[in-house]
Amino acid sequence: MLRNTAAGFGSVALSALLAEQSRGEGASSSNPLAPKAPHFEPKAKRIIFLFMKGGPSHLDTFDPKPLLQRDDGKPLPFAKPRVQFAETGSLLASPWKFRRYGESGIPVSELFPNVAQHADDLCLIHSLHGTNAAHGGALLMMHTGSDTFVRPSMGSWITYGLGTENQNLPGFVTICPTLAHGGVRNWGSAFLPAAYQGTPLGNASVPSDQAQVRYIKNAKLTRDVQRTQLDLLAELNGDHLDDSGPDQALEARLDSFELAFRMQTEMPEVQEFAAESPETRRLYGMDDPVTADFGRQCLLARRLAERGVRFVQVTHSDTAVQWDQHSDLKVGHEKNAREVDRPIAGLLTDLKARGLLDDTLVLWGGEFGRTPTAQGKNGRDHNPEGFTMWMAGGGVKGGYRHGATDDYGYYAVEDKVHIHDLHATLLHLLGLDHEALTYRYAGRDFRLTDVAGRVVTEIF
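Attention in this report is confined to the structure presented alongside it. (Residues numbered from 1 in each chain as written. Predicted model: local features only at pLDDT ≥ 70, side-chain atom pairs only at ≥ 80, totals over all residues. Heavy atoms only, no water.)

This brings us to the overall build of the protein chain. Counting secondary structure elements, the protein chain contains 10 helices and 17 strands. Relative to the compact-globule value of 23 Å for 460 residues, the protein chain shows a C-alpha radius of gyration of 23 Å, a close match. For the protein chain, the spread of C-alpha atoms along the three principal axes comes to 85 × 50 × 40 Å. For the protein chain, the proportion of its 460 residues judged to be buried stands at 55%. In the protein chain, once contacts between residues fewer than 6 apart in sequence are set aside, the share between residues at least 24 apart is 78%. Of the charged side chains in the protein chain, 47 are positive and 56 negative; the average position of the first set lies 3 Å away from that of the second. (Helix = DSSP H or I, 4+ residues; strand = E, 2+ residues; numbered from the N terminus. Rg over C-alpha atoms; globule rule 2.2 N^0.38 Å. Buried < 20%, exposed > 50% of the residue type's maximum accessible area, 1.4 Å probe, protein only. Contact = heavy atoms within 4.5 Å. Lys, Arg positive; Asp, Glu negative; His and termini not counted. Charge placed at Lys NZ, Arg CZ, Asp CG, Glu CD.)

Written as structure tokens, this is what we have:
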């Protein structure tokens, strides 16, 4: 009706209004992944998130508790949380010894002898706390800032805010992600335009040397024929957009087709390690069957980061939920640490040698920690009340410990950092104001940190 009355002026006005709204929501009609200016000078350009699925025990890795060792087998001397995942008993001492490393004297357990060599690069936050004691809710909270509603993941928010530096690769890649406990929602874009969702490389049940972007090869059509098809499709849809006005969903779909076409050339080259020296492969532990799988993921993360991918997640997980030791803590954590310790240290060494650690933020941790009290005879239960994550590079203090849990490691008690605070801090390091990075949906402005979040400037 607007097109066919009043010489079409109503349609013109509507198109202008829709275009203005599109710009107000931060969308780009030409390319949603084009690089965007940050709100202020960033300390980091990209993030590599080393996600330890299942919840590693802070008490056995980076947060030693002498009183826990002394009081092994005794009751916890204060009340447990009202909401717990499962019943636990008396205190359980750590089976591993801690040593101090580097000039900073950061304590690290014998589970991580290689990462310990980078103690002066690590910025440990000992006072993380969340709201959910179950894997599903805790994963969604860590990745999306909400454990109750479907929300965009932090990788999607970051690419929405900054775009990406390489137009031939996605802005957000997740390597061998878990399909459980929220699954695709942990890297999805929810109500943000589809261009900002994460691109998975395989999943946790696929060895990393077999992980591929789906449909990265077209065995039926040559590139020239595909290019002709896309050109025709773009012309037809362009005619439609000229007539109907802006349509973010359609434009995002067209952009995704173009990106997929360009990725057919770029992504296989990223995953081809032939140019990497034998020394580099050994650095990541690819010469050892125990460390080869995670080492390949970490090396791929570096190759993606140096090519301008904005957010790369590397997940350590398997069908046993990996770090989720409700029993046999010693057996499980030793197996897990052996698989990741050398590759993580190799990644830090490699990033530093290439000058990438200065503007690449490496984040390590799980969805929660573990209880100081025993589950069964020799396990630990989920604990979102207080746990440790660490960062390196990207503008944070090296050799620094922020916050603390209580004397037994159950609750965060000093300089507490909620997951909303963590997200606000990550965005700030990238030059983004978490209160200003919003998207209007269903009548309100949403953001990663919901209505909370404090930037932890003490770690900068």
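One way to put it is that helix H8 (residues 292-306) packs onto helix H9 (residues 329-353) with a least axis distance of 8 Å and a crossing angle of 20 degrees. With respect to H9, the axis of H8 lies roughly parallel. Once H8 is placed against H9, the crossing between them reads as right-handed. Contact residues: H8 offers Phe 294, Gly 295, Cys 298, Leu 299 and Arg 302, while H9 offers Glu 339, Val 340, Pro 343, Ile 344, Leu 347, Asp 350 and Leu 351. Of the residues belonging to the contact of H8 with H9, the class tally is 8 nonpolar, 1 polar and 3 charged. (Axes fitted to C-alpha atoms, helices over the stretch in contact; angles between N-to-C directions. Parallel < 35°, antiparallel > 145°, perpendicular 65-115°, else oblique. Left-handed = near helix turned anticlockwise from the far one by under 90°. Nonpolar A, V, L, I, M, F, W, Y, C, P; charged D, E, K, R; others polar.)

For the rest of this paragraph, the subject is a nonpolar patch on the surface. Among the surface-exposed residues, Met 1, Leu 2 and Leu 14 lie close enough to one another that they form a single nonpolar patch of about 300 Å² accessible area. In this fold, Met 1 is placed in the segment before helix H1 (9-24). The exposure class of Met 1 is exposed, given its relative accessible area of 71%. (Patch = residues over 30% accessible without salt bridge, like charges linked within 9 Å, V, L, I, M, F, W, Y side chains within 5 Å. Areas by Shrake-Rupley, 256 points an atom, 1.4 Å probe, with all protein chains shown as cover. Salt bridge = Lys/Arg side-chain N within 4 Å of Asp/Glu carboxyl O.)

It is worth spelling out unusual backbone geometry at this point. At Cys 176, a residue that is not glycine, the phi angle is positive and equals roughly 50 degrees. Within the secondary structure, Cys 176 sits in the loop between strand E5 (172-175) and strand E6 (199-201). Judged by its relative accessible area of 3%, Cys 176 falls in the buried class. Of note in the backbone geometry, His 181 takes a positive phi value of approximately 50 degrees without being a glycine. With respect to the helices, strands and loops of the structure, His 181 is situated in the loop between E5 and E6.

Quick look at the layout of surface pockets now. Taken as a whole, the largest pocket encloses approximately 1100 Å³ of empty space. If you go around the largest pocket, you meet 41 residues; those closest to its centre are Ser 256, Phe 257, Leu 259, Ala 260 and Met 263. Looking at the lining of the largest pocket, the elements that each hand over two or more residues are E6, helix H5 (223-244) and helix H6 (248-270). Tallying contributions element by element places H6 first for the lining of the largest pocket, with 14 residues. By residue class, the composition of the lining of the largest pocket is 20 nonpolar, 15 polar and 6 charged. (1 Å grid on protein atoms, 1.4 Å probe; cavity = no way out; pocket = protein on both sides within 12 Å on 5 of 7 lines; lining within 4 Å. Points joined across faces, edges and corners; volume = space filled by probe spheres on them.)

Turning next to the environment of Phe 51. Structurally, Phe 51 can be placed in strand E1 (residues 46-52). Its relative accessible area of 1% is what places Phe 51 among the buried residues. When the C-alpha positions of Phe 51 and Ser 317 are compared, they lie 8.6 Å apart, and in sequence the two are 266 residues distant. Not counting residues within four places of it along the chain, the set of residues in contact with Phe 51 comprises Leu 139, His 143, Gln 313, Val 314, Thr 315, His 316, Gly 365, Gly 366 and Glu 367.

Inspection of the entire model under this criterion finds 26 salt bridges. The partner of Arg 227 in a salt bridge is Asp 231, with the nearest N and O atoms 2.9 Å apart. Linking Arg 227 with Asp 231, this pair stays in helix H5, spanning 4 residues, or about one helical turn. Its salt-bridge partner being Arg 454, residue Glu 458 comes within 3.6 Å of it at the nearest N-O pair. For Glu 458, a relative accessible area of 31% gives the class partly exposed. A relative accessible area of 36% places Arg 454 in the partly exposed class. In this structure, a network of salt bridges that share partners links the residues Glu 269, Glu 276, Arg 302, Arg 303, Glu 306, Arg 307, Asp 350 and Arg 354.

Locating Arg 447 in the fold gives a position in the segment after strand E17 (444-446). Within the buried set, Arg 447 has no salt-bridge partner at all; the shortest N-O distance to an opposite charge, 4.4 Å, is to Glu 435. Polar contacts involving the side chain of Arg 447 include one to the main-chain carbonyl oxygen of Asp 450, which spans 2.9 Å. (Polar contact = N/O pair within 3.5 Å; in protein donor to acceptor, adjacent residues only side chain to side chain.)

Bringing H9 into the picture now. Look at H9: 35 Å from first C-alpha to last across 25 residues, which is about the 36 Å you get at 1.5 Å a residue. Val 340 marks where H9 bends most, by close to 30 degrees; the proline Pro 343 follows one to four residues later. Looking one or two residues past H9, Gly 355 carries a phi angle of roughly 75 degrees, positive in sign. (Expected span 1.5 Å × (residues − 1). Bend = angle between axes of the 7 residues up to and from the residue.)

With that out of the way, let us pick up the packing of aromatic side chains. By the definition in use, this model includes 17 aromatic pairs. Aromatic side chains Phe 191 and Tyr 439 sit 6.2 Å apart centroid to centroid with 20 degrees between the ring planes, which places their arrangement in the stacked category. Of this pair, Phe 191 sits in the loop between E5 and E6 while Tyr 439 sits in strand E16 (residues 439-441), placing them 248 residues apart in sequence. Per residue, the accessibility class of Phe 191 equals that of Tyr 439, and both read buried. Here the aromatic rings of Phe 191 and Phe 446 are separated by 5.0 Å at their centres, their planes lie at 45 degrees, and the arrangement is tilted. Remark: Phe 446 occurs in strand E17 and Phe 191 occurs in the loop between E5 and E6; sequence separation between them is 255 residues. (Phe/Tyr/Trp six-rings, centres within 6.5 Å; stacked < 30°, edge-to-face > 60°.)

In terms of residue burial, strand E7 (residues 311-316) counts as a mostly covered element, since 6 of its 6 residues are buried. Burial along E7 is two-sided: Phe 311, Gln 313 and Thr 315 facing one way and Val 312, Val 314 and His 316 facing the other are all buried. For E1 and E7, the ladder comprises 6 bridges, and the chain directions are parallel. Looking at E7, one finds that Ile 48 is bridged to Val 312. (Pairing = 2+ DSSP bridges.)

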